[in-house]
Amino acid sequence: MPAKKQITKEKILEKAVGLVRKGGISCLNMRTLAQACKCSTQPIYLSFSGTEELKTEVSRAILKIFDETIEREIAKRDYPEYKAVGMGYIRFAKEEKQFFKYLLMNDGMKQTGLEQQSFDQSVFIIMKNYGLYQGDAAKLHMQMWIFVHGIASMFATDYIDLDWETVSKMVTDAYNCFVKNLKEEKDDN
């Protein structure tokens with residue numbers, strides 16, 4: 001009769017996510033994970049074919065946390081839906097610095113294969129809520145994403161620590177400026 005597995009794949013993944021939360025993706029390797037799980041590397045290799053599969057699963061788990069952060073921000077209804085997405089993005093960077101660095105400042109999002117899907121969802125929100133055509137909505141979102149990503153990256157790297165009201169005003173001001181520029185471009189044509 002084979003030995004009973006003492007630690008589940010889910011528990012291993014939970015420990016792996018915890019390691020990344022504390023020290024970043026560079027802290028994640030099979031030996032360190034085994035120590036965190038208080039087991040040998042064997043159960044880890046039985047659950048994951050290797051480091052790549054483990055990192056892919058960690059990326060998916062972190063993406064789920066990211067999505068939940070955005071959904072909570074939207075559900076609060078403090079901001080219009082599109083602004084709430086941006087504010088949630090910044091909140092994720094501020095509250096989950098290591099996750100943000102891995103997922104959105106490195107290649108974590110690419111490992112999930114959802115980078116384009118996330119962009120398309122935001123473009124759809126703009127089209128739905130503001131009546132812009134796809135090209136204009138994509139241009140506006142690209143500009144806003146670059147702006148919001150800049151603020152978020154500064155929070156994630158402890159470069160700035162602004163109060164939430166200031167961040168909200170900056171995001172609104174940038175949005176208004178980008179929309180104004182889009183309208184002026186349309187008027188010039």
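Here the structure is a predicted model, which is why all the values come from computation and not from measurement.

**Quick look at the overall build of the chain**
Along the chain, the regular secondary structure elements total 10 helices and 0 strands. Counting from the amino terminus, the chain carries its helices and strands in the arrangement α-α-α-α-α-α-α-α-α-α. With the C-alpha coordinates of the chain rotated into their principal frame, the extents come out at 75 × 30 × 25 Å. Relative to its full complement of 189 residues, the chain shows a buried share of 42%. Taking the contacts inside the chain whose residues are at least 6 apart along the sequence as the reference set, 63% of them involve residues at least 24 apart. Of the accessible surface of the chain, which amounts to about 11200 Å², a share of 53% is contributed by carbon and sulfur atoms. Taken as two groups, the 27 positive and 26 negative side-chain charges of the chain have centres that lie 8 Å from each other.

**Re unusual backbone geometry**
Its identity as a non-glycine residue notwithstanding, lysine 38 has a phi of 55°, on the positive side. Judged by relative accessible area, which is 76%, lysine 38 ranks as exposed. Of note, the phi angle at arginine 77 is positive, near 60°, even though the residue is not glycine. Residue placement: arginine 77 occurs in the loop between α4 (51-76) and α5 (81-95).

**Some details on the confidence of the model for the chain**
When pLDDT is averaged across the chain, the result is 90; 92% of the residues are at 70 or more. The least confident element of the chain, judged by mean pLDDT, is helix α7 (residues 108-112) at 59; the most confident is helix α1 (residues 9-23) at 96.

**Here we look at the pattern of salt bridges**
Oppositely charged side chains can pair when the atoms bearing their charge come close. Within the structure shown, the criterion is met by 14 salt bridges. Glutamate 73 is the salt-bridge partner of arginine 91, the closest N and O atoms lying 2.5 Å from each other. Taken together, the positions of arginine 91 in helix α5 and glutamate 73 in helix α4 put the pair 18 residues apart, joining distant regions of the chain. Note on accessibility: arginine 91 and glutamate 73 belong to one class, buried. Residues glutamate 95 and arginine 91 are paired through a salt bridge, measuring 3.4 Å at the closest nitrogen-oxygen approach. Of this pair, glutamate 95 and arginine 91 are both found in helix α5, 4 residues apart, which corresponds to roughly one turn of the helix. Judged by its relative accessible area of 18%, arginine 91 is buried.

**A few points about the packing of aromatic side chains**
Summed over all chains, the structure comprises 7 aromatic pairs. Aromatic side chains phenylalanine 66 and phenylalanine 92 sit 5.0 Å apart centroid to centroid with 75° between the ring planes, which places their arrangement in the edge-to-face category. With phenylalanine 66 in helix α4 and phenylalanine 92 in helix α5, this pair connects stretches of sequence that are 26 residues apart. Exposure remark for phenylalanine 92: the relative accessible area of 0% places this residue in the buried category. An angle of 50° between the planes, with centres 6.4 Å apart, marks the rings of tyrosine 82 and tyrosine 175 as tilted. One end of the pair, tyrosine 82, is in helix α5; the other, tyrosine 175, is in helix α10 (residues 164-188), with 93 residues separating them in the sequence. Taken together, Phe66, Tyr89, Phe92 and Phe100 form an aromatic cluster joined through their ring pairs.

**Regarding the packing of α1 against α4**
As a packed pair, α1 and α4 sit with axes 10 Å apart at the nearest point and diverge in direction by 75°. Judged by the inter-axis angle, α1 sits roughly perpendicular to α4. Facing Lys9, Leu13, Ala16, Val17, Val20 and Arg21 of α1, the residues of α4 in contact are Glu53, Leu54, Glu57, Val58, Ala61, Ile62 and Ile65. In terms of residue class, the contact of α1 with α4 is built from 9 nonpolar, no polar and 4 charged.

**Considerations on the layout of surface pockets**
There is about 160 Å³ of room inside the second largest pocket. Along the walls of the second largest pocket sit Tyr130, Leu132, Asp136, Tyr175, Val179, Leu182, Lys183 and Lys186, which together make up its complete lining.

**Let's talk about the environment of phenylalanine 66**
By relative accessible area, which is 6% here, phenylalanine 66 ends up buried. Distance in space between the C-alpha atoms of phenylalanine 66 and phenylalanine 99 is 8.4 Å, their sequence separation being 33 residues.

**Digging into the side chain of aspartate 136**
Mapped onto the elements of the fold, aspartate 136 is located in helix α9 (residues 134-156). Excluding its chain neighbours within four sequence positions, the residues that come into contact with aspartate 136 are Leu182 and Lys186.

**Quick look at α5**
Along its 15 residues, α5 runs 20 Å from first to last C-alpha, staying within 8% of the 21 Å computed at 1.5 Å per residue. For α5, a buried count of 12 out of 15 residues is recorded, marking the element as mostly surrounded by other parts of the structure.

Calculation rules
- Residues numbered from 1 in each chain as written.
- Predicted model: local features only at pLDDT ≥ 70, side-chain atom pairs only at ≥ 80, totals over all residues.
- Heavy atoms only, no water.
- Helix = DSSP H or I, 4+ residues; strand = E, 2+ residues; numbered from the N terminus.
- Buried < 20%, exposed > 50% of the residue type's maximum accessible area, 1.4 Å probe, protein only.
- Contact = heavy atoms within 4.5 Å.
- Areas by Shrake-Rupley, 256 points an atom, 1.4 Å probe, with all protein chains shown as cover.
- Lys, Arg positive; Asp, Glu negative; His and termini not counted.
- Charge placed at Lys NZ, Arg CZ, Asp CG, Glu CD.
- pLDDT = per-residue confidence, 0-100.
- Salt bridge = Lys/Arg side-chain N within 4 Å of Asp/Glu carboxyl O.
- Phe/Tyr/Trp six-rings, centres within 6.5 Å; stacked < 30°, edge-to-face > 60°.
- Axes fitted to C-alpha atoms, helices over the stretch in contact; angles between N-to-C directions.
- Parallel < 35°, antiparallel > 145°, perpendicular 65-115°, else oblique.
- Nonpolar A, V, L, I, M, F, W, Y, C, P; charged D, E, K, R; others polar.
- 1 Å grid on protein atoms, 1.4 Å probe; cavity = no way out; pocket = protein on both sides within 12 Å on 5 of 7 lines; lining within 4 Å.
- Points joined across faces, edges and corners; volume = space filled by probe spheres on them.
- Expected span 1.5 Å × (residues − 1).

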